[in-house]
Amino acid sequence: MKLTRTVAETREALEAPRDAGERIGLVPTMGAFHEGHLSLIRAARAESERAVVSLFVNPTQFGTGEDLDRYPRDEARDAAVAEAEGVDLLFAPSAAEIYPPGFDTWIEVGELGEILEGAARPGHFRGVATVCCKLFEVIQPALAYFGRKDAQQVAVVKQVVRDLALPLEIRAMPTVRDGGGLALSSRNRYLSAVDREEALKLPLALAAGVKAYRDGRDAVSVACELLKGIDVDYVTIADLDGPTLAAAVRIGSVRLIDNLRLEEEAT
Ligand code: PAJ
């Protein structure tokens, strides 16, 4: 596996495969790999000739007071995992490489970037959209893989690709969960044993909501009922790349998001 740090090195490393007509599959990440990330990497490996992973804790998508400083970082472990998964190239730039001095060009996402996570985290999707555009431009993938765990992010990225006519396809992959049903997230490590028990109510409430919806009942009120006693940020139905029951809750110091699509089997 090749490890690159700069835009120039990355472009150079990918020139020959691209010229040879190989399709590049990109998995953008912020590291701290878990099985959710690995499912995206495996999909990229299966579908594209070259699997590229980016590892960059993107400062512009964190608000002031959010967890940028304590975001888990372990590049050596992530690089070993990526290599074992057969990743061809890991792009792990510094913040100055992505945002050189004087950087001031932004991708602003409209209404979709302002609701739900965008309302709770102002500027979040501007940061996500900007870094994704830059990664797409540097790596020029034919396919880029995102997790439905972050359903609004998938919808935002698809909107950007559509609006700017970017020449790649976005693949949205199912949410990977642990044995209890909790969606894997690098932030789960901050949950105590007691917090984890509380957190398990989130997937249960969403599953009950989806079932209620399919029985012709109100998904949101059923889910809210099961989340009583928990600090709920939102529970709502939104069009996030398809009708979706989405929720955000706060347990201890951890903010958790999860969602289920209303019109498919629950994943
Ligand atoms: P990160 O949180 O590292 O997630 C990288 C990718 O893994 C995202 O597409 C996310 O949706 C996916 N993912 C996370 N948990 C998952 C799970 N349990 N099942 C399936 N997929 C999962 O999302 C980001 O980084 C950043 O916003 C990024 C897109 C890299 C831009 O900075």
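Keep in mind that this is a model prediction, so the values were computed, not measured.

Attention now goes to unusual backbone geometry. For Ala32, which is not a glycine, the phi torsion comes out positive at approximately 55°. Checked against the element boundaries, Ala32 lands in the loop between strand E2 (24–29) and helix H2 (35–47). Its relative accessible area of 6% is what places Ala32 among the buried residues. In this structure, Leu116 takes a positive phi of about 45° despite not being glycine. Of note, Leu116 is situated in the loop between helix H4 (95–98) and helix H5 (117–120).

Before going further, it helps to examine the packing of helix H6 (residues 124–139) against helix H7 (residues 151–163). The geometry of H6 relative to H7 is characterised by a closest axis approach of 10 Å and an angle of 55° between their N-to-C directions. In terms of orientation, H6 lies oblique with respect to H7. Of the two elements, H6 crosses H7, and the hand of that crossing is right-handed. Contacts between H6 and H7 pair Phe125, Val128, Ala129, Cys132, Cys133 and Phe136 from the former with Gln152, Gln153, Val156, Val157, Val160 and Val161 from the latter. Looking at the contact of H6 with H7, its residues break down into ten nonpolar, two polar and no charged.

By the assigned domains, the chain splits into domain 1 (2–173) and domain 2 (186–260). Placing a centre on the C-alpha atoms of domain 1 and another on those of domain 2 gives a separation of 26 Å. Facing the 21 residues of domain 1 at the interface are 17 residues of domain 2. For the domain 1 and domain 2 pair, buried surface summed over both sides reaches about 1600 Å², with 50% attributable to carbon and sulfur atoms. When the area that domain 1 buries against domain 2 is broken down by residue, the three leading residues are Arg70, Leu116 and Glu117, summing to 34%. Here domain 1 is connected to domain 2 by four salt bridges.

What counts as what
- Residues numbered from 1 in each chain as written.
- Predicted model: local features only at pLDDT ≥ 70, side-chain atom pairs only at ≥ 80, totals over all residues.
- Heavy atoms only, no water.
- Helix = DSSP H or I, 4+ residues; strand = E, 2+ residues; numbered from the N terminus.
- Buried < 20%, exposed > 50% of the residue type's maximum accessible area, 1.4 Å probe, protein only.
- Axes fitted to C-alpha atoms, helices over the stretch in contact; angles between N-to-C directions.
- Parallel < 35°, antiparallel > 145°, perpendicular 65-115°, else oblique.
- Left-handed = near helix turned anticlockwise from the far one by under 90°.
- Contact = heavy atoms within 4.5 Å.
- Nonpolar A, V, L, I, M, F, W, Y, C, P; charged D, E, K, R; others polar.
- Domains from an automatic or database assignment.
- Buried area = accessible area lost by both parts, 1.4 Å probe.
- Salt bridge = Lys/Arg side-chain N within 4 Å of Asp/Glu carboxyl O.

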